[in-house]
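Examining the three-dimensional arrangement
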Amino acid sequence: MAKILLVDDAAFMRMMVKDTLTKNGYNADDIFEAEDGVKAVERYNELKPDLVIMDITMPNMDGLEALKTIKGNDPNATIVMCSAMGQEAMVIDAIKSGAKDFIVKPFKPDRILKTVKTVLG
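Here the structure is a predicted model, which is why all the values come from computation and not from measurement.

Thoughts on the overall build of the protein chain
- The number of helices and strands found in the protein chain is five helices and five strands.
- When the helices and strands of the protein chain are placed in sequence order, the string is β-α-β-α-β-α-β-α-β-α.
- For 121 residues, the compact-globule formula gives about 14 Å, and the C-alpha radius of gyration of the protein chain, at 13 Å, lands near that figure.
- Principal-axis analysis of the C-alpha atoms gives the protein chain an extent of 30 × 30 × 25 Å.
- The 121 residues of the protein chain split such that 49% are buried.
- For the protein chain, restricting intrachain contacts to residue pairs at least 6 apart in sequence, the fraction spanning at least 24 positions comes to 61%.
- As presented, the protein chain carries roughly 6100 Å² of accessible surface, and 55% of it is formed by carbon and sulfur atoms.
- Side chains of the protein chain give 16 positive and 19 negative charges; the mean places of these two sets differ by 5 Å.

Digging into the sheet that holds strand β4 (residues 79-84)
- Across the sheet, five strands lie side by side as β2-β1-β3-β4-β5; this open sheet has parallel pairing. Whereas interior strands pair on both sides, the edge strands pair on one side only; in this sheet they are β2 (31-34) and β5 (101-105). Averaged over all pairs of adjacent strands, the angle between their axes in this sheet comes to 20°, without regard to strand direction.
- Taken together, the five bridges between β4 and β5 define a ladder with parallel strand orientation. If you follow Ser-83 over to β5, its bridge partner there is Val-104.
- Each of β1 (4-7), β2, β3 (51-55) and β5 is contacted by helix α1 (residues 11-22), which is oriented at about 170° to β2, the strand it contacts most.
- Those strands touched by helix α2 (residues 37-47) are β1, β2 and β3, and its axis lies near 150° from that of β2.

Considerations on the environment of Asp-93
- Turning to its location among the elements, Asp-93 is positioned in helix α4 (residues 88-96).
- In this structure Asp-93 comes out as partly exposed when scored by relative accessible area, which is 28%.
- Excluding anything up to four places from it in sequence, Asp-93 contacts Leu-64 and Lys-68.

Some words on unusual backbone geometry
- Following Lys-105, the chain continues into Pro-106 via a peptide bond in cis, with omega recorded as 0°.
- Tracing the backbone through its elements, the reader meets Pro-106 in the loop between β5 and α5 (109-120).
- In this model, Asn-60 sits at a positive phi of 70°, which is unusual for a non-glycine residue.
- Counting through the fold element by element, Asn-60 comes out in the loop between β3 and α3 (63-73).

Details of empty space enclosed by the protein
- Under the definition given, this model contains one cavity of 30 Å³ or more.
- In this structure, the largest cavity spans a volume of roughly 50 Å³.
- Around the largest cavity, the lining residues are Leu-6, Val-7, Asp-8, Met-13, Arg-14, Val-17, Ile-53, Asp-55, Cys-82 and Phe-107.
- Of all the elements in the fold, those that place two or more residues in the lining of the largest cavity are β1, α1 and β3.

The rules behind the values
Residues numbered from 1 in each chain as written. Predicted model: local features only at pLDDT ≥ 70, side-chain atom pairs only at ≥ 80, totals over all residues. Heavy atoms only, no water. Helix = DSSP H or I, 4+ residues; strand = E, 2+ residues; numbered from the N terminus. Rg over C-alpha atoms; globule rule 2.2 N^0.38 Å. Buried < 20%, exposed > 50% of the residue type's maximum accessible area, 1.4 Å probe, protein only. Contact = heavy atoms within 4.5 Å. Areas by Shrake-Rupley, 256 points an atom, 1.4 Å probe, with all protein chains shown as cover. Lys, Arg positive; Asp, Glu negative; His and termini not counted. Charge placed at Lys NZ, Arg CZ, Asp CG, Glu CD. Pairing = 2+ DSSP bridges. Axes fitted to C-alpha atoms, helices over the stretch in contact; angles between N-to-C directions. 1 Å grid on protein atoms, 1.4 Å probe; cavity = no way out; pocket = protein on both sides within 12 Å on 5 of 7 lines; lining within 4 Å. Points joined across faces, edges and corners; volume = space filled by probe spheres on them.

Any link to function would need more than the numbers given here.
Next up, the structure:
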């Protein structure tokens, strides 16, 4: 089963995505969490997950910086960014920096599942 790293400074957002994934056949033991970009980079290096779902706006290190750091260490990293409405410029920057896709908040469970299935193949 795929290892997935959820990165968001809001615990309820991580919980919502994890619930959506586990209710649809993903193993809770294969879903890991980080609350900011610094932790995301550490957890990525430690776990080498198959997919990272990462918020853009976070304290300590934002998602774009974490994306660039992870992709710098592992060009094959699969990362999907999350953004609130109105962050189009950041989303474009994320895609140019190697993000595979993006999900707009507020999340719709079917959009999360479709993106995860598409990206993981």
